[in-house]
Structure formats: C-alpha cells, structure tokens
Amino acid sequence: MGKRRAVLFEAPFTIGVHETAVPAPGAGEVLLETAVSAISPGTEMLFYRGQVPPQMQVDATIPALGGEFSYPLAYGYAVVGRVVELGAGVDAGWLGRMAFVFAPHQSHVICAAGDLKAVPAGMVAERAVLLPLMETAVSFLMDAAPLIGEQVAVFGQGIVGLLTTALLAEYPLASLVALDRWPGRRALARELGADAALDPADEGVLVQLAEALQGDRPYAGADLILELSGNPAALAMAIAAAGFDGRIVIGSWYGQKQAPLDLGGHFHRSQIALVSSQVSLIAPRLRGRFSSERRMEMAWRMLARHRPERLITHRFEVREAARAYELLDREPETAVQVLLAYESA
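It should be emphasised that the depicted structure is a prediction, and the values quoted were computed from it without experimental measurement.

Undergrad: So what about the packing of aromatic side chains? Which residues, and what values?
TA: Tallied over the full model, the rule gives nine aromatic pairs. Put simply, the rings of Phe9, Phe13, Phe47, Tyr48, Tyr75, Tyr77, Trp253 and Tyr325 pair up and form one aromatic cluster. Of note, Arg97 hangs over the ring of Trp94, and the distance from its end group to the ring centre comes to 5.5 Å. The aromatic ring of Phe290 is capped on one face by Arg294, whose charged end is 4.1 Å from the ring centroid.

Now the structure itself:
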C-alpha cells in the first residue's frame, strides 16, 4: 500500500511532508485512503504564520486535533477518501465507500467508524470535501438570523465569506453588499448574488457602503453585518457601518492579531450588538430544535444546491503542500480555495 504522507506544520512558515508506514485499523476503526483534502485558508494560515495563542487547545471538538497547540503540528479538518480496510466489528457496508472525515491532511486516515460521514451518492469528492466550510457558513446564518427586508453587509469574501454570501442571496433582503480587498473575489461575490461588492481600502468606502445598503430607503446603516475577513481592523469599519440597533456577527478568528476599537461614540449610543459565532457549538437559543446532526444535514443539502467546487482555484499534490501554503500567504489575491490531492487514492 506504500507509505502514508502527512503534512506537518513544523514551525512558522515551514511545512513538511513526512512519510511513515500505513497503519492497520484496530477494532471499531477503518482505514481511509484520501482522495483530496481542503485547506481552510482563514484558520490554517494562523497556524502557518505562528499567530495562534500559545497553550491554546487546537480543537476540542475534533478527536484528531486534541491537545494544546505547539509545533510540530498536524492540522486540517477536511478529508474525503475511500474506505479500504475495516477493523474488527465494523459494518462491512463501509468497505469501498466514499466518506468524509474531520482529520489533518494525510494520505491515509485511521479513524473510528463512527467518525465517518458517508458522501451522498453522485457527489464528487471535490464538492464533499468543502463540507466543513459550508457548515460554517450555515452556522453563521443560524447565528445571524437575517430577516426579510434587512440591509446586510458581509466583510471578507474568502471561501467562507463567499459561501455565506451565496446563502444570504437566497433571502428576500433589501440589499446585500460584500466587501473584500481583491477584485477577483468581489467579482465572485457579485456572481453569487451580492447587489454590490466594494473594496474596503477605497477612500470613501463607508459612504459607498451606506449608499449601497440604504438605496432610496430611509433606514440608515446596516441592520446586519457579518465580519468574516479575519482582519480585526475590519471590525471597526463594521461598527461604523452598522445602523441603530444593528447586529454584527463576528465569525472571524483573529488569533493573536489585535486592533483598537472606538466604543465610546457611535457604538455606545447606537445599541449595536456584537455576536460571537463559532461553528463548534450550536447557539444556546437554538439547541431546543437544532443539533449538530441537523445542521450537518443542511450543510450537505447546501453543497448539492450551490456546487461550491466551482470556487476551487488551485490543486496541489500533497508532496507540494509547502507551495500551497506559500501561495495563500504571498498571493492571496490569486487563491480562493486550495485543495491537496493524493495521487495514490
């Protein structure tokens, strides 16, 4: 079966691909041979750049990512492949099936059978591997709870921002405005249904944003803003753009990055709400009706509906993983979604 190739974050700005023997599954486990894995640019670039707070737990909700953050680190959480070997006690129906699993980037994954998520019949691997990114976008909308006729802005049009924009475009909103530094991403946002797409670096962008949100309506400012840029400085602009009693849902993870906020003027008197949104948990107010399983079912449905594989801009063989991260770090304007491919799968 050859060797298992695994991507390791060895140190800031240093990616290695390590080879080990392919392990055998134990009781209750399976061996998954990877077809593709997806890089989550927002989260993974914090690990790549060394911007994760020290001694922070990597991810308590994913078994493969337990423990405190330190280098070297295996990371990633989107793998699709085929089950090629079963451990004792595993349902024989899994053998040969395509499945998704939350696991770091590697050519062969050992995991509990219960951690697998069967890929729906007819769905290609390059669509299925974007499941956690779509689940994140679904989670943002659940926390944001957009209302009919609202004026909405989305800061940041990386892959999750674009998926969020696509979902919001199906709502009967009064206006939907996207903001991103890069022209290619702004063009994609418009293709996905944004009424306007602005460059946050433009002089006078707050005036442009106010006009695009309000139009000829008398309701000043944004009713709802989703801050998904990963740039904490964008939060200050979001506060300035929010209307009275507006809501700002913060889906970005800033890591160690910080920026000053002026909370003494417009924010204080406008009763603006700042809402933290993170996909690991269902918001308490929704837990009576929604579970992680129900949200995941919706994410699968949205994958089938929106075909997000069209947003994939680059594919690298796993042995070229270092090039993939260098691209995302040095040329973010050229990349939206990057996949790692595994030629042995």
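Let's pick the thread back up.
Undergrad: Please provide a residue-by-residue account of the environment of Val79, values included.
TA: Note that Val79 resides in strand E4 (residues 79-86). The spacing of Val79 and Ala234 is 155 residues in sequence and 31 Å in space, taken between C-alpha atoms.

Undergrad: Explain the sheet that holds strand E10 (residues 196-198) to me, and be specific about the residues and the numbers.
TA: Here six strands make up an open sheet; going across it, the order is E10-E9-E8-E11-E12-E13 and the pairing parallel. Edge strands, defined here as strands with exactly one partner in the open sheet, are E10 and strand E13 (273-276). Mean inter-strand twist for the sheet, computed between neighbouring axes without regard to direction, equals 20°. Most of the contacts of helix H6 (residues 205-214) go to strand E9 (residues 175-179), to which it runs at about 155°, and overall it touches strand E8 (151-155), E9, E10 and strand E11 (222-227).

Undergrad: If you had to explain the pattern of salt bridges to someone new, which residues and values would you point to?
TA: Within this structure, the stated rule accounts for nine salt bridges. The salt bridge partner of Arg295 is Glu135, with a shortest N-O separation of 3.2 Å. In this pair, Arg295 is assigned in helix H9 (residues 292-306) and Glu135 in helix H3 (residues 131-144), connecting sequence segments 160 residues apart. In terms of burial, Arg295 and Glu135 fall into one category: buried. For Asp199, the salt bridge is made with Arg186, and the minimal N-O distance between the two is 3.8 Å. Of the two residues, Asp199 is situated in the loop between E10 and H6 and Arg186 in helix H5 (residues 183-191); the sequence distance between them amounts to 13 residues. Both residues of the pair, Asp199 and Arg186, belong to the buried class.

Undergrad: Tell me what's going on with the layout of surface pockets, and back it up with residues and numbers.
TA: One number sums up the size of the second largest pocket: a volume of about 310 Å³. Lining the second largest pocket we find 15 residues, and of these Val138, Leu141, Met142, Tyr171 and Met298 sit closest to its centre. If you list the elements that add at least two residues to the lining of the second largest pocket, you get H3 and H9. Of all the elements, H9 adds the most residues to the lining of the second largest pocket, at six residues. Classifying every residue of the lining of the second largest pocket by side-chain character gives nine nonpolar, no polar and six charged.

Undergrad: Requested: an account of the side chain of His306, with residues and values cited.
TA: The residue His306 is located in helix H9 in this model. The exposure class of His306 is buried, given its relative accessible area of 10%. A distance of 3.4 Å separates polar atoms of two side chains, one belonging to His306 and the other to Glu170. Dropping the residues within four chain positions of it, His306 is found in contact with Met134, Ala166, Leu167 and Glu170.

Undergrad: Describe in detail the pairing of strand E14 (residues 312-317), supporting the description with residues and values.
TA: Pairing analysis gives five bridges linking E14 to strand E15 (residues 337-341), with the strands arranged parallel. The partner of His314 across the bridge, within E15, is Val338. Crossover handedness for the path E14 to helix H10 (residues 321-330) to E15: right-handed.

Undergrad: Quick rundown of the packing of H3 against helix H4 (residues 159-168)? Include the residues and the values.
TA: The relative placement of two packed helices comes down to the angle between their axes together with the axis-to-axis distance. One can describe the packing of H3 onto H4 by two numbers: an axis separation of 9 Å at closest approach and a directional angle of 55°. In this view, H3 runs oblique relative to H4, as classed from their interaxial angle. Once H3 is placed against H4, the crossing between them reads as right-handed. Contact with H3, carried on its side by Leu133, Met134, Thr136, Ala137, Val138, Phe140 and Leu141, involves Ile159, Val160, Leu163, Thr164, Leu167 and Leu168 of H4 and no other residues of that element. Partitioning the contact of H3 with H4 into residue classes produces eleven nonpolar, two polar and no charged.

Criteria and thresholds
Residues numbered from 1 in each chain as written. Predicted model: local features only at pLDDT ≥ 70, side-chain atom pairs only at ≥ 80, totals over all residues. Heavy atoms only, no water. Phe/Tyr/Trp six-rings, centres within 6.5 Å; stacked < 30°, edge-to-face > 60°. Lys NZ or Arg CZ within 6 Å of the ring centre and 35° of its normal. Helix = DSSP H or I, 4+ residues; strand = E, 2+ residues; numbered from the N terminus. Pairing = 2+ DSSP bridges. Axes fitted to C-alpha atoms, helices over the stretch in contact; angles between N-to-C directions. Contact = heavy atoms within 4.5 Å. Salt bridge = Lys/Arg side-chain N within 4 Å of Asp/Glu carboxyl O. Buried < 20%, exposed > 50% of the residue type's maximum accessible area, 1.4 Å probe, protein only. 1 Å grid on protein atoms, 1.4 Å probe; cavity = no way out; pocket = protein on both sides within 12 Å on 5 of 7 lines; lining within 4 Å. Points joined across faces, edges and corners; volume = space filled by probe spheres on them. Nonpolar A, V, L, I, M, F, W, Y, C, P; charged D, E, K, R; others polar. Polar contact = N/O pair within 3.5 Å; in protein donor to acceptor, adjacent residues only side chain to side chain. Right-handed = clockwise from strand over helix to strand, strands pointing away. Parallel < 35°, antiparallel > 145°, perpendicular 65-115°, else oblique. Left-handed = near helix turned anticlockwise from the far one by under 90°.

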